[in-house]
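# An overview of the molecular structure
In case you want the letters, here they are:
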Amino acid sequence: MKQITSSEFEQLRSFIYANYGIHLTEKKKTLVMSRLNKVLIEHHMDSYQTYIEFLKSDVTGEAVSELLNRITTNHTFFLRENRHFDYFKRTVLPELERKYSHIRDLRTWSAGCSTGDEAYTISILMKEHFKEKQSSWDFTVLATDISRQVLDHAIEGVYEAESIKALPEIWLKNYFISNDEKQIEIKESIRKNVIFRRFNLMNPFPFKKPFHVIFCRNVMIYFDKETKQKLIKKFYDALEPGGYLFVGHSESVDLSKVKFKYVEPAIYRKE
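All values reported here derive from a predicted model rather than from experimental measurement.

By size, the foremost hydrophobic cluster in this structure holds 49 residues, and its most contacted members are Leu-12, Tyr-51, Leu-67, Trp-109, Leu-201, Phe-235 and Phe-260. Those elements that provide at least two residues to this core are α1 (6-20), α2 (29-42), α3 (48-57), α4 (62-71), β1 (108-111), β7 (211-216), α10 (225-237) and β8 (239-247). Excluding residues within four positions of it along the chain, Trp-109 makes contact with Leu-142, Thr-144, Phe-199, Leu-201, Phe-205, Phe-207, Phe-211, Val-213, Ile-214, Phe-215 and Phe-235. The next biggest cluster of nonpolar side chains, apart from the first, holds 41 residues, and it includes Phe-78, Phe-85, Tyr-159 and Phe-215.

Listed below in structure tokens is the structure:
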């Protein structure tokens, strides 16, 4: 395995933090080497210094996308942390339907959507909630991630059995097509209500209208306290009054720093 020097690790760590907010501690040095060693071999690079220069000079974004895929974990599945979806179905959707029946427009953002499991779940829940009313409502979900690879997977909408094992049989019947014994594909009726875009959460938010709901779960575990706090403030500003923020159960919001109201574990509401 190719070794990374202290100087090279610091350069790589600074590059990742400055551009993508991901905080790598010294303890992650061995992990970084183990995950990037294959990349260096595939690109015929003899040092991490060469790799760092390659990252900085690549204008396609492919090199960075590959890097981020290697150093983060994109493990997800349908109905992960299902209490959130129960609350979204039971409380949030009925409330928002009453509140916005005059405009019939609900804006939901799946930030850090990975392979699309979360975004498609939200789309299914909305379709089931609105049923015969759905033709008169716009409930398109914006789903963003920094990785092109996971977005390609999400857009393709094909999943292994492990990803869909928590789904009820009625969902499998109504919203999926079985390709074979090991793979299943999301139907167009759900796919058409999700828009996938590549977006770096460290960038200024370009959205013209505020959201009613933001899901950003198990993303901020890679950020330090300062970066996380800045992002939460941006989420707050990007929400309509009364809008909801869902974070991962291992994450939290410092309520002394922002005016979110605690609702339930990992669920917050803009005052």
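And the narrative resumes.
This part takes up the side chain of Arg-13. On the secondary structure map, Arg-13 appears in helix α1. Here Leu-24 takes part through its backbone oxygen, which lies 3.2 Å from a polar atom of the side chain of Arg-13. Contact partners of Arg-13, with chain neighbours within four places excluded, come to Leu-24, Thr-25 and Glu-26.

Here we come to the sheet that holds strand β4 (residues 176-178). Read across the sheet, three strands follow the order β3-β5-β4 without closing on themselves; strand pairing throughout is antiparallel. In the strand order of this sheet, the two ends are held by β3 (158-160) and β4, each with one partner. Each adjacent strand pair in this sheet contributes to an overall mean axis angle of 35 degrees, direction not counted. Where β4 and strand β5 (residues 183-186) come together, three bridges link them in antiparallel fashion. The residue bridging Phe-176 from the neighbouring strand is Ile-186, located in β5.

What counts and how
Sequence order as written defines the numbering, with residues in each chain counted from 1. Since the coordinates come from a predicted model, pLDDT governs what is reported: local features require at least 70, and pairs of side-chain atoms require 80 or more to be given and counted, while whole-chain, interface and lining totals use all residues. The side-chain numbers reported here are obtained from all heavy atoms of the structure, hydrogens and water having been left aside. Only buried residues count toward a nonpolar core, which is a set of Ala, Val, Leu, Ile, Met, Phe, Trp, Tyr and Cys residues joined through side-chain atoms within 4.5 Å. When accessible area is computed with a 1.4 Å probe and restricted to protein chains, residues below 20% of their type maximum are described as buried, those above 50% as exposed, and intermediate ones as partly exposed. In DSSP terms, a helix is any run of H or I states spanning at least four residues, a strand is any run of E spanning at least two, and both are numbered starting from the N terminus. Any two residues whose heavy atoms approach within 4.5 Å at even a single point are treated as in contact. In protein, a polar contact means a hydrogen-donor-capable atom and an acceptor-capable atom, both N or O and within 3.5 Å, with residues adjacent in sequence counting only if both atoms are side-chain atoms; elsewhere, any N or O pair within 3.5 Å suffices. Paired strands, in this sense, are two strands between which DSSP finds at least two bridges. Orientation is described by axes fitted as lines to C-alpha atoms, over the contacting stretch for helices, and by angles from 0 to 180 degrees between their N-to-C directions.

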